[in-house]
Each structure stands twice: as C-alpha cells, then as structure tokens.
Amino acid sequence: MHRIVALDAISIPKAFPLPRPSFEHEWISYETSKYEEIVPRAQDATIIITNKCRLDRTVLEQLPRLQFIAELATGYNNIDVDYCKERGIGVATIQGYSTQSVAEHTLTMMLMLSRNMLITRKAMEEGLWVNANCFCQLPAPIHDLCGKTLTVVGNGAIGTKIADLARAFGMRTLKAEHKGAASVREGYTAFEEALKEADFISVNCPLNASTQNLITLKEMQLMKRSVCIVNNARGGVVNEADLITALKDGVIAGAAADVSSKEPLTPDHPYAAALKLNNFILTPHQAWMSDACLVELCRQFGENIEAFNEGRKVRRIV
C-alpha cells in the first residue's frame, strides 16, 4: 500500500481539494512543512506531494521508500532531479495549466503601471474627487499600451500568450535571445538590444544556473528610463535589490512582481521596504491561482498519480 504525504497542502485552497487516488493508500497531509520537518514526516512515504518544499539530495537520501514526487507546479527547481534520476524516483509536474491566468496577471500589472493606478488610488483615498472643483482629475500621467514595445524574456507558453495579448492592445513585441548567445535565432532580437528597445519587459523564464541574476542593475542601465519591468517567473531571475535601487534612483520607471526569492516575503527583503512606492506592484505569488487554473491543476494531479501507479509516464520530468 502506498503511503502518500502532502507536505504543504496549504498552497492549494480548500475549495479545490486534490482528488484521492483510486488505488489503496494511506494519505497524510500537513498544511506546511519546514525544511527540517520533511525527513521525519516523509520517512516512510512512497509518494510525496509538494508545491515548494525543498527536496534536495540531503533530504532525498533519507527517504529510502520514496518512489514518486507529485509536484503541484510547473517549475521544479525545488527538487534535485539529478538525484531522482540516479535513484529512479519519478517526478511529474503540472503543465500548461496557468498560461492564461499568468498572462492576464502580467497585462493587468502593465496596465496598472502605465496608467499610474497606484497613485490615483492613493489620491482618491485622500479625497481627490470628493473635494474637487472639476469633474475630471489627473493625479499622474496616463500612458497607453498601444504603440509601445514589449520585450518578452522567456518565450515558452506563458511568454507567447503574453505577447499575443499585448499585440491585441496594439503593442509591438520582441522575443529576447538568450543572454550571451553567439548567434540570434530567426524571429528573436539580441538580448541587450531587446532590453534597450523595450517600453515594457516581461520576465517569464525558469530559474536555473544560467538565469540566476539574468537582469541586474547593469542591464537596467541599458534600458530606457521610462521602462517598466514585470517579473512573474521566479524571484532570482531579476536581482531584487538592484530592482528597488533602480526604481528609487529613477533608472527605470516602474516594476511589478508576483514572485520573490524568499517566499513568504521576509521583513528584511528589499521588496518589503518598497511596498509603499507608487511605481512598484507586488502580489503574493497568486498569478497562477485563478479558479480555472486550480480546477485544471487538480485534474492533472489526479492523472499524474494514477499514471504512476499504473506504470505509465504522464507529464514526467523524471
């Protein structure tokens, strides 16, 4: 009988319960699990369910019965997949489920920044309109997306969908080539040139050794001072301290993020001290959490775990 341990069940809202597998099993669920709690809790697990718990080599070496990891996300940088390959531990992810939701979240952020919604909201709270002597008020400039250039960094399914939505607004879109690439693929623009031409930059690439600190203050200094950067990928792709410095010093005009290198956000993180800036939007890693996405996540999870039990490979990374 399989022993299934869910390590961070709190990441999926209770209104969207994960389907229980049809095969005989024992299911143990923990709302959250600290790193040091993973081994004692999953010691006898044959299947682990997680979203963001860190399953590195040190942890995995102490889980002798583990056969399968059901990752409740597309990204799997929290799992040592090399060790899983060595040990024959299967890993399956949730794929293609959040494309529309993350793309819409990105465009929402771009619209809020371009139309200075944060400044307007604050002014309204302070009585701008109820104390006005004119029917219209403009507390900050408004810029249309139409005619602007969007550079997409990371052109997978989400990046492609973002570009599609941006073109519907009349934007010109560029696909950034890999940083430091020896040649530029057809349909792509050299990385630095794509940054220089952008009015908006959407970061959508996975976090790995080649994308860690992909965009730092050095890259931001190449950009237009009017540019806005939106990072809904992973926190470490954009250097977060540099991003806030660039915002405060006027190197860039605005920024938004749905991710952080430390999640939940810690009080000492650069973003925590920037939450009151009028040109910075931060949301709590929720871009993927539309109702439709959560329904699809649960469906794919059910398929993945049933396939594993039947010896089939569905959405397997390992």
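Reading the values: rules and limits
Residues numbered from 1 in each chain as written. Predicted model: local features only at pLDDT ≥ 70, side-chain atom pairs only at ≥ 80, totals over all residues. Heavy atoms only, no water. Helix = DSSP H or I, 4+ residues; strand = E, 2+ residues; numbered from the N terminus. Contact = heavy atoms within 4.5 Å. Phe/Tyr/Trp six-rings, centres within 6.5 Å; stacked < 30°, edge-to-face > 60°. Buried < 20%, exposed > 50% of the residue type's maximum accessible area, 1.4 Å probe, protein only. Salt bridge = Lys/Arg side-chain N within 4 Å of Asp/Glu carboxyl O. Core = buried A, V, L, I, M, F, W, Y, C linked by side-chain atoms within 4.5 Å.

*Asks:* If you had to explain the environment of Gln100 to someone new, which residues and values would you point to?
*Replies:* Within the fold, Gln100 resides in helix 4 (residues 99–114). Along the primary structure Gln100 and Ile162 are separated by 62 residues, whereas in three dimensions their C-alpha atoms are 8.3 Å apart. Beyond its immediate chain neighbours, meaning those up to four positions away, Gln100 contacts Lys161 and Leu165.

*Asks:* Which residues make up the packing of aromatic side chains, and what values do they have?
*Replies:* Aromatic ring pairs are reported here in terms of the distance separating the ring centres and the angle at which the planes meet. According to the stated counting rule, one finds four aromatic pairs in the structure shown. Arranged with centres 4.5 Å apart and planes meeting at 10°, the rings of Phe68 and Phe308 form a pair that is stacked. Pair noted here: Phe68 is in strand 4 (residues 68–71) and Phe308 is in helix 10 (residues 291–309), with a separation of 240 residues, a long-range link. Here the two residues Phe68 and Phe308 agree in accessibility, since each one is buried. Seen in terms of ring centroids, Tyr97 and Trp288 are 6.4 Å apart; in terms of plane orientation they differ by 70°. Their pairing is edge-to-face.

*Asks:* Which residues make up the pattern of salt bridges, and what values go with them?
*Replies:* Summed over the entire model, instances satisfying the criterion amount to 17 salt bridges. Taking the shortest distance from any N to any O, the salt bridge between Arg121 and Glu125 comes out at 3.0 Å. Of this pair, Arg121 and Glu125 both sit in helix 5 (residues 117–125), four residues apart, which is roughly one turn of that helix. Owing to a relative accessible area of 58%, Glu125 belongs among the exposed residues under this scheme. Residues participating in the shared-partner salt-bridge network are Glu296, Arg299, Glu303 and Arg315.

*Asks:* Pulling in residues and values, what's your account of the nonpolar core?
*Replies:* Judged by nonpolar contacts, the single largest core of 29 residues is most densely connected at Ile201, Val203, Met220, Met223 and Ile252. Elements represented by at least two residues in this core include exactly helix 7 (191–197), strand 8 (200–203), helix 9 (240–249) and strand 10 (254–257). Top element by residues in this core is helix 9. It accounts for four residues. Filtering out sequence-adjacent residues up to four positions away, Met220 remains in contact with Ile215, Ile229, Val238, Asn239, Asp242, Leu243, Ala246, Val251 and Ile252. Listed in part, the 25 residues of the second largest apolar core include Ile4, Phe23, Trp288 and Phe301.

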